[in-house]
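One letter stands for each residue in the lines below.
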Amino acid sequence: MIFKAIFSTAWESINQNFYTRLAQTVDPIDSVITFYAEILSSGILKSLDKEGNDVTEKDALIALLRNPNENQNFQQFIKEWLYYHYSHGWNYVVPKSTSVGYENKLDKGLRNSLYNIDPDHIEWSSDNVFWNFFTKNREISFNYEPYQFSRIKYSEVIPFIDVRQDSKKPHIGISRLLSLEKHIQNYSLALQGDENLIKRSGSILVSLDSPKNEDLGLDSNVFMGANDKNGVPIMTTHKKLLEEQLRETGIGTDSMGIMFSTLPLKSTPLSAGLENIRFNEKQIEYARTIYNKYNVPKEFQNLDKETAKFANRQMALIEAIQNTIEPLGKSFCDKIANYFKWENTIILDFSHLPVFSDNEQTKTTTQQAVYNLYHQMFVDDIITQQELTQTLKENGII
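For every chain, the first residue of the written sequence is number 1, and numbering continues from 1 onward in sequence order. At least 70 in pLDDT is required for a residue's local features to be given in this predicted model, at least 80 for side-chain atom pairs to be given and counted, and no such filter applies to totals for whole chains, interfaces and linings, which use all residues. For side-chain calculations, the full set of non-hydrogen atoms in the structure is used, while hydrogens and water are omitted.

Visitor: How would you explain the overall build of the chain if you had to name every residue and give the values?
Guide: Counting from the N terminus, the helices are DSSP H or I runs at least four residues long and the strands are E runs at least two residues long. Assigned secondary structure in the chain consists of 13 helices and 12 strands. Working definition: with a 1.4 Å probe on protein chains only, accessible area under 20% of the residue-type maximum means buried, over 50% means exposed, and in between means partly exposed. Each of the 398 residues in the chain was classed as buried or not, and the buried ones make up 38%. Any two residues having at least one pair of non-hydrogen atoms within 4.5 Å are treated as being in contact. Expressed as a percentage of contacts within the chain between residues at least 6 apart in sequence, the contacts between residues at least 24 apart total 62%.

Visitor: Can you lay out helix 6 (residues 74–88) for me, pointing to particular residues and giving the numbers?
Guide: Here helix 6 spans 21 Å end to end across 15 residues, near enough to the 21 Å set by a 1.5 Å rise per residue. Counting buried positions over the 15 residues of helix 6 gives 12, a clear majority of the element. All of the buried residues along helix 6 are Phe74, Phe77, Ile78, Glu80, Trp81, Leu82, Tyr83, Tyr84, His85, Tyr86, Ser87 and His88. Two N or O atoms form a polar contact when they lie within 3.5 Å of each other; inside protein one atom must be a possible hydrogen donor and the other a possible acceptor, and for residues adjacent in sequence the pair counts only when both atoms belong to side chains. The opening residue of helix 6 is asparagine 73, an N-cap whose side-chain oxygen sits 3.2 Å from the backbone nitrogen of glutamine 75. Positioned one or two residues after helix 6, glycine 89 has a phi angle of 85 degrees, which is positive. How far a helix is expected to stretch is found by multiplying one less than its residue total by 1.5 Å.

Visitor: Tell me what's going on with the sheet that holds strand 2 (residues 90–97), and back it up with residues and numbers.
Guide: Taken in spatial order, the three strands of this open sheet run 3-2-7, and their pairing is antiparallel. Of all strands in the sheet, those with a lone pairing partner are strand 3 (112–117) and strand 7 (158–161), marking the two edges. Across this sheet, the average inter-strand angle for adjacent strands is 20 degrees, counted without regard to direction. Following DSSP output, two strands are said to pair if at least two bridges run between them. As paired elements, strand 2 and strand 7 share four bridges and run antiparallel to each other. Paired with tryptophan 90 across the bridge in strand 7 is isoleucine 161. Along the sheet, helix 6 contacts strand 2, strand 3 and strand 7; its crossing angle with strand 2, the most-contacted strand, is approximately 140 degrees. Each axis is a line fitted through C-alpha atoms, and for a helix only the stretch in contact is used; angles between axes span 0 to 180 degrees, taken between their N-to-C directions.

Visitor: Break down the sheet that holds strand 5 (residues 141–144) for me, citing the residues and quoting the values.
Guide: On the basis of which strands lie adjacent, the open sheet formed by three strands has the order 4-5-6 and antiparallel pairing. Whereas interior strands pair on both sides, the edge strands pair on one side only; in this sheet they are strand 4 (122–124) and strand 6 (149–153). On average, each strand axis in the sheet is tilted by 30 degrees relative to the strand beside it, whichever way the strands run. In this sheet, strand 6 lies alongside strand 5 in antiparallel orientation, the contact comprising three bridges. Paired with tyrosine 144 across the bridge in strand 6 is phenylalanine 149.

Visitor: Quick rundown of the packing of aromatic side chains? Include the residues and the values.
Guide: Classification of ring pairs rests on two measures: the distance between centres of Phe, Tyr or Trp rings, Trp counted by its six-membered ring, which must be within 6.5 Å, and the angle between planes, read as stacked under 30 degrees, edge-to-face over 60 and tilted in between. Within the structure shown, the criterion is met by 20 aromatic pairs. Through a chain of ring-to-ring contacts, three or more aromatic side chains come together here, namely Phe35, Tyr36, Tyr86, Tyr294 and Phe300.

Visitor: Explain the side chain of glutamine 72 to me, using residue names and the numbers behind them.
Guide: Residue position: glutamine 72 is located in the loop between helix 5 (60–66) and helix 6. One polar contact links glutamine 72 to glutamate 80, side chain to side chain, over a distance of 3.0 Å. Among residues more than four places away in sequence, those in contact with glutamine 72 are Asn67, Phe77, Glu80 and Asn116.

Visitor: Give me the lowdown on the nonpolar core, citing residues and values where you can.
Guide: Counting 60 residues, the largest nonpolar core has Tyr36, Leu40, Leu61, Leu65, Trp81, Ile321 and Phe332 as its most contacted members. With 11 residues, the top contributor of residues to this core is helix 11 (residues 310–339). For tyrosine 36, the residues in contact, after removing those within four places along its chain, are Leu82, Tyr86, Tyr294, Asn295, Val296, Pro297, Thr324 and Ile325. By convention a nonpolar core is built from buried Ala, Val, Leu, Ile, Met, Phe, Trp, Tyr and Cys residues, the set being connected through side-chain atoms within 4.5 Å. Formed by 13 residues, the second largest nonpolar core is a distinct cluster that contains Val94, Tyr144, Phe149 and Ile172.

Visitor: Mind laying out helix 4 (residues 27–40), listing which residues take part and the relevant values?
Guide: Look at helix 4: 20 Å from first C-alpha to last across 14 residues, which is about the 20 Å you get at 1.5 Å a residue. Listing the buried residues of helix 4 in full gives Pro28, Ile29, Val32, Ile33, Phe35, Tyr36, Ala37, Ile39 and Leu40.

Visitor: An account of unusual backbone geometry is needed here, citing residue identities and associated values.
Guide: With a phi angle near 50 degrees, arginine 151 is a residue other than glycine that sits in the positive phi range. Arginine 151 gets classed as partly exposed once you look at its relative accessible area, which sits at 49%. Unusually for a residue other than glycine, aspartate 381 sits at a positive phi of about 60 degrees. With respect to the secondary-structure elements, aspartate 381 resides in the loop between helix 12 (354–379) and helix 13 (385–394).

Visitor: An account of the pairing of strand 10 (residues 233–237) is needed here, citing residue identities and associated values.
Guide: Pairing between strand 9 (residues 221–227) and strand 10: four bridges, direction antiparallel. Across the sheet, phenylalanine 223 pairs through a bridge with methionine 235, a residue of strand 10. Between strand 9 and strand 10, which pair antiparallel one after the other, the connecting turn spans five residues, and glycine 231 there sits at a positive phi close to 85 degrees.

Visitor: An account of the packing of helix 4 against helix 6 is needed here, citing residue identities and associated values.
Guide: The N-to-C vectors of helix 4 and helix 6 enclose an angle of 140 degrees; their axes lie 9 Å apart at closest approach. Every pair of crossing elements has a handedness; the one defined by helix 4 and helix 6 is right-handed. Note on element contacts: helix 6 touches helix 4 through Ile78, Lys79, Trp81, Leu82, Tyr83, Tyr86 and Ser87, opposite Asp30, Ile33, Thr34, Tyr36, Ala37, Glu38 and Leu40. Residue type decides the class: Asp, Glu, Lys and Arg count as charged, Ala, Val, Leu, Ile, Met, Phe, Trp, Tyr, Cys and Pro as nonpolar, and the leftover types, Gly among them, as polar. Among the residues forming the contact of helix 4 with helix 6, the class breakdown is nine nonpolar, two polar and three charged. If you view the pair so one helix is near and one far, a crossing is left-handed when the near helix is turned anticlockwise from the far one by less than a right angle, and right-handed when it is turned clockwise.

Okay, structure coming up:
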């Protein structure tokens, strides 16, 4: 099914309901989403009141997010959320409560839950002609078999859009994978070509190296020394006679015989021509395009033989967190808080990660070196007090 969709001319219509499975099947896509999901799940949930005070341990919404449902903790939940979000370009979180109508309330005594919805398994009620004919409610709704949810209204979910909404179906978004159609197809073809090359290596096709179809002397007749019942001499060929004699010795069998030929033979490897096509290099280029579409820093694409320097990877990771992960975390937290009309500000904090600690130490060391250098220049009357002050300000020292 996945293979059929990858090579279908009706890419959008067919893939709309299994981008998740497609992402899991194509390694560069799965690697991208997993890379970001691991970083996003490392964030620490925090709650700040209007004065900016940390009220995390007293916040009921934080408690819900830490254990969103009976099967997941926050880390598992947010990883799953991002996988659907990045594969489809949109996804829903469905709130549930032990009391119907209190889904957006976090009152004591209620047991609330949050569930990620995989768009692969959504069955839109609006697509059901029978249902549309008899219902008076035209609001978009859907069924979700994995959790046995039925007739979930769009107004009851927390929707998320990755890049942009679908102009024809504003309740969903456009997947980035749609613009990567050719690259995904070509990556899969290059992978298949590499597999075929491996399978065919060592296999040889043997054929006659001559346009003639007769084996000269070996095809000439030989009298078998007897006549048939009509008195006609029984004849065979030298080739058949030799092959029969060899089979009688056990060397040849009916399924695996020996063939004689006086004509020259030629052998051709079944992989001939394929070895000149550098499938691996093509895979790398197609994978690079997929990585770039999701803004994965080149230092983490692991497509080149050379390993990126540690310092470069550190800076690239900081860039990925600040440009991609933190905006994703803010979007998630803001949408959840808005649904519950929450007064506190919910955030995902990444400042505890070692990469920021190392960066802060480097920054402090650099600032100290700058201060020592320019302060000595001031003592030696090389620069003025004003120039010293300006330099220290530009480097964030004062």
